[in-house]
Amino acid sequence: NAGVTQTPKFQVLKTGQSMTLQCAQDMNHNSMYWYRQDPGMGLRLIYYSASEGTTDKGEVPNGYNVSRLNKREFSLRLESAAPSQTSVYFCASSGQGAAYEQYFGPGTRLTVT
Amino acid sequence: AQSVTQPDIHITVSEGASLELRCNYSYGATPYLFWYVQSPGQGLQLLLKYFSGDTLVQGIKGFEAEFKRSQSSFNLRKPSVHWSDAAEYFCAVGVNTGKLIFGQGTTLQVKP
């Protein structure tokens, strides 16, 4: 089992460019999440999908969109990248509900110049 | 509002010494509590979790944590630290929708 995979691992964008971060899990989990990690801020939830076909905003959704393509895949799109979106992005998945731990991917390091 | 506070941003301990990382949470209901570890350049790995029952929980890599409801705390401990324990540690509380709220993290440095 690969667990949670993310592509790409690194990306450099210019301000105003768009890109999609891909995430896939092979653990048959219902719930998937996108976080960003910035120094001193911990991990902050951008969007989550409690189950296939549903998505909801997290703490910091502005400037992002998501698509739950199927049960396995959950993508994060930056339509017009800004320097403030320079961060490390993590995807995670879990069973549905608070009692389940989340499993994290290796992260995508994004720099916006 | 739900929140998690890790009061110590950086901690340095000598190899072989004991370790305690502090975590305080604010949550109205019975909390689901987690500790994760992140090695440099890696994703997060679950160390241990508390849902109910025994307030002292054992995790991987020799870590344990104690839930104290009266103090709203869930501190992480290890009796003897190894150099490979150097990493960033995150405490988190799970809310009823399945989301996690993370603390700011504590970076552990281990001196030889």
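Residues numbered from 1 in each chain as written. Chains lettered and ligands numbered in written order. Predicted model: local features only at pLDDT ≥ 70, side-chain atom pairs only at ≥ 80, totals over all residues. Heavy atoms only, no water.

Peer 1: Could you clarify how one ought to interpret unusual backbone geometry in this entry?
Peer 2: For residues that are not glycine, phi is negative in most cases, and the peptide bond is trans in most cases. The omega angle of the peptide bond from Thr7(A) to Pro8(A) is -5°, so this bond is cis rather than trans. Here Pro8(A) is to be found in the loop between strand E1 (4–7) and strand E2 (10–13). For Lys61(B), which is not glycine, the phi torsion reads 60° and is therefore positive. Mapped onto the secondary structure, Lys61(B) falls in the loop between strand E7 (56–58) and strand E8 (64–68). The phi dihedral of Ser72(B) is positive, around 50°, even though this residue is not glycine. Using a relative accessible area of 26% as the deciding quantity, one classes Ser72(B) as partly exposed. (Helix = DSSP H or I, 4+ residues; strand = E, 2+ residues; numbered from the N terminus. Buried < 20%, exposed > 50% of the residue type's maximum accessible area, 1.4 Å probe, protein only.)

Peer 1: What exactly am I supposed to notice about the environment of Gln11(A) here?
Peer 2: All names here are of chain A. When you line up the elements, Gln 11 lands in strand E2. Look at Gln 11 and you get partly exposed, because its relative accessible area is 27%. In the structure, Gln 11 is positioned 101 residues away from Val 112 in sequence and 8.5 Å away in space, judged by C-alpha atoms.

Peer 1: What's the story with the confidence of the model for chain B in this structure? I'm lost.
Peer 2: Where the model shows low pLDDT, its predicted coordinates should not be examined in detail. The predicted model of chain B has a mean per-residue pLDDT of 93, with 100% of residues at 70 or higher. Within chain B, strand E11 (residues 100–102) of chain B has the poorest average pLDDT of any element, 91, and strand E3 (residues 19–21) of chain B the best, 98. (pLDDT = per-residue confidence, 0-100.)

Peer 1: Would you take a moment to explain the pairing of strand E3 (residues 19–25) of chain A for this structure?
Peer 2: Residue and element names in this part refer to chain A. Burial within E3 is extensive, with five of its seven residues counted as buried. Both E1 and E3 contribute to a ladder of four bridges, which runs antiparallel. The partner of Thr 5 across the bridge, within E3, is Ala 24. Examined bridge by bridge, E3 and strand E8 (residues 74–78) share three bridges and lie antiparallel to one another. When the sheet's bridge partners are listed, Met 19 is paired in E8 with Leu 78. (Pairing = 2+ DSSP bridges.)

Peer 1: Looking at this model, I keep getting lost on the interface of chain B and chain A. Mind explaining?
Peer 2: Interface extent is often summarised as the accessible area lost during association of the parts. Taken residue by residue, the interface counts 23 residues in chain B and 19 residues in chain A. Summed over both partners, the interface of chain B with chain A comes to about 1600 Å²; 59% of that surface belongs to carbon and sulfur atoms. For chain B, the biggest contributors to the area lost against chain A are Leu44(B), Lys99(B) and Phe102(B); these three give 28% of the whole. Viewed at the interface, chain A and chain B are joined by one salt bridge. The partner of Lys49(B) in a salt bridge is Glu101(A), and the shortest N-O contact between them spans 2.6 Å. The tally of links from chain B across to chain A stands at three residue pairs in polar contact (both at pLDDT 80 or more). For the side of chain B that touches chain A, the secondary structure elements donating two or more residues are strand E5 (32–38), strand E6 (44–50), strand E10 (87–94) and E11 of chain B. Take the side of chain B that touches chain A: its biggest share by element is four residues, from E5(B). (Contact = heavy atoms within 4.5 Å. Buried area = accessible area lost by both parts, 1.4 Å probe. Salt bridge = Lys/Arg side-chain N within 4 Å of Asp/Glu carboxyl O. Polar contact = N/O pair within 3.5 Å; in protein donor to acceptor, adjacent residues only side chain to side chain.)

Peer 1: In this structure, what is going on with the pattern of salt bridges? I would like to understand it.
Peer 2: When the charged atoms of two side chains lie near each other, side chains of opposite charge can form a pair. For the structure shown, the criterion picks out eight salt bridges over all chains. Between Asp38(A) and Arg36(A) there is a salt bridge; the shortest N-O distance is 2.9 Å. Take Asp38(A): its relative accessible area is 11%, and that puts it in the buried class. The partner of Arg77(B) in a salt bridge is Glu64(B), and the shortest N-O contact between them spans 3.3 Å. Taken as a pair, Arg77(B) in strand E9 (residues 73–78) and Glu64(B) in strand E8 lie far apart in primary sequence, 13 residues in all. One continuous salt-bridge network, built from bridges that share partners, spans Arg36(A), Asp38(A) and Arg44(A).

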